[in-house]
Amino acid sequence: MASENIDQAAIEAAARALEQGALVAFPTETVYGLGADAENPAAVAAIYAAKGRPQDHPVIVHLAPGAPLDYWAADIPVEAQALADAFWPGPLTMILKRAPNIPDAVSGGQDTVGLRCPSHPVAIALLRAFKGGKGGVAAPSANKFGAVSPTLAQHVRDEFGQDGSVSMVLDGGASMVGIESTIVDLSRLATHGPVLLRPGHISAEAIAAVIDQLPSAPDAAAPRASGTLESHYAPHTPVAMQDSATLRQTLLELAAAGRKVALIHYSDLPSTHAALRLPTTPDGFAHALYAALRAMDGQGADLILVEAPPQGGAWLGVNDRLRRAAHGSTGIVHGLLNQAAP
Ligand code: TXA
Ligand code: MG
């Protein structure tokens, strides 16, 4: 969306609603966020209630471009400012030590804070209008806990439209990136180096090119991140992922067994109950993935079958989200083939 197409009256109304402690959903380049004033613990608590999310899960604080890091964070390593300069506004979240004046509600009681400056023009306009650009908007993805993240305003309305918990949904079109921001933990840099808590559009290699250190995979002592729970981003319909050759065979067997399959694929495959073909590039696949999972979830299928994407580094974010969506559906194909169809 071009900045001249922004509805400034809606932005101002949303900023005032946030200042009064209400919840506002807004577009970012990754996914839509469910925002509240990060310095208002009651408003932050309302996010947890609306999402049905446990209170001890931290949320990311979104900042306007140019906002000073040292208002929000303490003991800021030079690497943090270098990454902000390189990737903000953009899909990178940094975990830093929390400044003493920041309420612990935003970090689920941990002594750190997650900070990100999004690049979506509507998000930037909102962050500039809110508290004169000096505030922070705490925002998890605007979905119920554990469900697929929204990449369209309609996804947010579908999930929260009925319950009255969200006062406004700003519409900024389809999120460009389509999967959540990369999260890098710099809060224990001196002892543990940088740690990649969640892969995303900005790769570990791109981070290493700026700070000369390759972020490592999280260890047991790394901060908790709900987007890193094994089962997350999951539709209601079971999800299974298979390589192209196996999947071709599975489709024949499931069809013979009378099962309805909703297929998410990228190569030529036989037709099914429902199917969506996604682009073969990692960026194109990520952009379309969550809308595809939601659409296939609405097809009344027994199973969402996903053609496993390639394993290369650029596909890390997509594979991470798909693995979590499929978690808990282990053995589902076998089960469907071996039980009689209803
Ligand atoms: O792209 C995104 O990051 C989107 C958009 C709306 O900005 N937001 C998002 O928020 O994905 P959420 O809450 O769904 O996921 C944020 C992740 C969670 O896994 C949370 O636990 C982690 O960030 N996180 C936030 N603050 C943290 C902290 N202080 N320490 C460790 N993890 C943190
Ligand atoms: Mg989320």
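Shown above is the structure to which this text applies.
Position labels on residues start from 1 in each chain and follow its written sequence. Numbering of ligands from 1 and lettering of chains from A proceed in the order in which they are written. Thresholds applied to this predicted model are a pLDDT of at least 70 for local features of residues and 80 or more for the giving and counting of side-chain atom pairs; totals over whole chains, interfaces and linings are not thresholded and use all residues. Neither water nor hydrogens contribute to the side-chain values; these are computed over all heavy atoms in the structure.

## Regarding the overall build of the protein
Now for step 1: A run of DSSP states H or I qualifies as a helix once it reaches four residues; a run of E qualifies as a strand once it reaches two. Both are numbered from the N-terminal end. A count of helices and strands for the protein gives eleven helices and 14 strands.
Now for step 2: Only C-alpha atoms enter the radius of gyration, while the globule expectation follows 2.2 Å times N to the 0.38, with N the number of residues. The globule rule puts the C-alpha radius of gyration for 342 residues at 20 Å, and the 20 Å found for the protein is close to it.
Now for step 3: Taken along its principal axes, the extent of the C-alpha atoms in the protein is 60 × 45 × 35 Å.
Now for step 4: Expressed as a percentage of the 342 residues in the protein, the buried residues total 56%.
Now for step 5: Of the side chains in the protein, 22 bear a positive and 32 a negative charge, and the two mean positions are spaced by 4 Å. The rule is simple: take the accessible area with a 1.4 Å probe, protein chains only, and divide by the maximum for that residue type; under 20% is buried, over 50% is exposed, in between is partly exposed. Lys and Arg are tallied as positive, Asp and Glu as negative. Neither His nor the chain termini are counted. Charged groups are reduced to one reference atom each: NZ for lysine, CZ for arginine, CG for aspartic acid, CD for glutamic acid.

## Focus on the packing of aromatic side chains
Now for step 1: Only the six-membered ring of Trp is used, alongside the rings of Phe and Tyr, when aromatic pairs are assigned; centres must lie within 6.5 Å, and planes under 30 degrees apart are stacked while those over 60 apart are edge-to-face, with the rest tilted. Applying the stated criterion across every chain, the model contains four aromatic pairs.
Now for step 2: Look at Phe285 and Trp315: their rings are 5.5 Å apart centre to centre, the planes differ by 70°, and that puts the pair in the edge-to-face class. In this pair, Phe285 is assigned in helix 9 (residues 282-297) and Trp315 in the loop between strand 14 (303-307) and helix 10 (316-326), connecting sequence segments 30 residues apart.

## A look at the packing of helix 9 against helix 10
Now for step 1: Between helix 9 and helix 10, the least distance of the axes is 9 Å, while the angle of their chain directions is 30°. The angle between helix 9 and helix 10 falls in the class roughly parallel. For helix 9 against helix 10, the interelement crossing comes out left-handed. Of helix 10, the residues touching helix 9 (which contributes Pro282, Phe285, Ala286, Leu289 and Tyr290) are Val318, Arg321 and Leu322.
Now for step 2: Charged residues are taken to be Asp, Glu, Lys and Arg, nonpolar residues to be Ala, Val, Leu, Ile, Met, Phe, Trp, Tyr, Cys and Pro, and polar residues to be all remaining types, Gly included. A per-class count over the contact of helix 9 with helix 10 returns seven nonpolar, no polar and one charged. Angles shown run from 0 to 180 degrees and are taken between the N-to-C directions of axes, each axis being a line fitted to C-alpha atoms and, for helices, limited to the stretch in contact. Orientation is classified from the angle alone, with under 35 degrees giving roughly parallel, over 145 giving roughly antiparallel, 65 to 115 giving roughly perpendicular, and any other angle giving oblique. Less than a right angle of anticlockwise turn of the near helix away from the far helix marks a crossing as left-handed, whereas a clockwise turn marks it as right-handed. Residue contacts are defined here by distance: any two heavy atoms, one from each residue, within 4.5 Å place the two residues in contact.

## Let's talk about the pairing of strand 6 (residues 112-116)
Now for step 1: Burial runs high along strand 6: five of the five residues are buried.
Now for step 2: Neither face of strand 6 is left uncovered, since the one carrying Thr112, Gly114 and Arg116 and the one carrying Val113 and Leu115 both have all their residues buried.
Now for step 3: Examined bridge by bridge, strand 3 (residues 60-62) and strand 6 share three bridges and lie parallel to one another. The residue of strand 6 that forms the bridge with Ile60 is Gly114.
Now for step 4: We call two strands paired when DSSP finds no fewer than two bridges between them. Bridging between strand 5 (residues 92-98) and strand 6 involves four bridges; their strand directions are antiparallel. Counterpart to Ile95 in the pairing with strand 6 is Gly114.

## Details of the pairing of strand 2 (residues 33-37)
Now for step 1: Burial within strand 2 is extensive, with five of its five residues counted as buried.
Now for step 2: Two elements, strand 1 (residues 24-26) and strand 2, share three bridges in a ladder whose sense is antiparallel. Paired with Phe26 across the two strands is Gly33, which belongs to strand 2.
Now for step 3: Here two bridges tie strand 2 to strand 7 (residues 137-138), and the two strands are oriented antiparallel to one another. Bridge pairing links Ala36 to Ala138 in strand 7.

## Some remarks on helix 3 (residues 78-87)
Now for step 1: Residues Glu79, Ala80, Leu83, Ala84 and Phe87 constitute the buried set of helix 3. Within helix 3, the buried residues cover an arc of 140° as seen down the axis, which keeps them to one side. For helix 3, the exposed residues lying more than 90 degrees away from the buried face are Val78 and Asp85. Summarising the geometry, the arc corresponds to the directions from the helix axis toward the C-beta atoms.

## Overview of the sheet that holds strand 12 (residues 261-265)
Now for step 1: If you walk across this open sheet you meet the four strands as 11-14-12-13, and the pairing is parallel. Two strands bound the open sheet, and with one partner strand each, they are strand 11 (239-242) and strand 13 (274-277). For this sheet the average axis-to-axis angle between neighbouring strands, irrespective of direction, equals 20°.
Now for step 2: By the bridge criterion, four bridges tie strand 12 to strand 13 in an arrangement that is parallel. Residue Ala262 lies in a different strand from strand 13, and its bridge partner there is Ala274.

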